[in-house]
Amino acid sequence: MRDYIAKTVEIEQPNLFKKGNNVYLGERVRLIGKGSIEIGDNTAIAQDTLIISDNHDWRNDITKTIPTPIKIGRGVWIGARCIILGNSVIGDNCIIGAGSVVRGQIHKNMICYGNPCKEIKKKPKKMNIAKMEVIHCNLCGARDTQPFLKARDLLLKPSCDYFYVKCKKCKL
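Caption draft 1: Looking closely at the pairing of strand β18 (residues 110-113). Bridging between strand β15 (residues 95-96) and β18 involves two bridges; their strand directions are parallel. Its bridge partner being in β18, Ile-96 is matched across the sheet by Cys-112. In this structure, β18 lies alongside strand β19 (residues 118-122), joined through four bridges in antiparallel fashion. Residue Ile-111 lies in a different strand from β19, and its bridge partner there is Lys-121. Linkage of β18 to β19, two consecutive antiparallel strands, is achieved through a turn of four residues, within which Gly-114 is found at a positive phi near 115°.

Right, dumping it as structure tokens:
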């Protein structure tokens, strides 16, 4: 991955925005507010995500806003249409599921999702998604050595135990 910031990304306070290397900001990502926003290396933020780094001062004067910084660690993947609220810290190597609302701290190496966003499970140290095993092609029945994905390594809950790749003859 290399740096990519979509043309439709909105950064309200560029002087308060700090990003690392190899950061991906998808279509219509918005970084708004008066607090600092820091994004670590090798992080991807999917489309329509909203990152808000301030909050209204509801205790004293609701018309004023208070800066609330946000820190997103290295190697983080934030799914589409998430909302990251002020004073949030997302640790390194986390996955935040699409549509989640993050407020507060997410520990490193966690898979999280929901509203509010909750830590669901620890991310495996190595998500080896291309193991090799002899399988049968579902179309022609040929035996071939192809990569496959174990469903338990993914967030999805498919109806089968494995995601199979078709053989070279049947051309996936």
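Caption draft 2: Quick peek at the sheet that holds strand β6 (residues 37-39). Strand order across the open sheet formed by five strands is β3-β6-β11-β14-β17, with parallel pairing between neighbours. Looking along the sheet, the strands with just one partner apiece sit at the ends: β3 (17-19) and β17 (105-106). For strand β14 (residues 89-90) and β17, the ladder comprises two bridges, and the chain directions are parallel. In the sheet register, Val-89 faces β17, and the bridge partner there is Gln-105.

Caption draft 3: Representation of the sheet that holds β15 in the model. The sheet built from seven strands is open, its strands ordered β1-β4-β7-β12-β15-β18-β19 with mixed pairing. The open sheet has two edge strands with one neighbour each: β1 (4-5) and β19. By the bridge criterion, two bridges tie strand β4 (residues 24-25) to strand β7 (residues 44-45) in an arrangement that is parallel. Across the sheet, residue Tyr-24 finds its bridge partner in β7, namely Ala-44.

Caption draft 4: Representation of the pairing of strand β10 (residues 61-67) in the model. By the bridge criterion, four bridges tie strand β9 (residues 54-57) to β10 in an arrangement that is antiparallel. The residue of β10 that forms the bridge with His-56 is Thr-65. Adjacent in sequence and paired antiparallel, β9 and β10 are bridged by three residues.

Rules and cut-offs
Residues numbered from 1 in each chain as written. Predicted model: local features only at pLDDT ≥ 70, side-chain atom pairs only at ≥ 80, totals over all residues. Heavy atoms only, no water. Pairing = 2+ DSSP bridges. Helix = DSSP H or I, 4+ residues; strand = E, 2+ residues; numbered from the N terminus.

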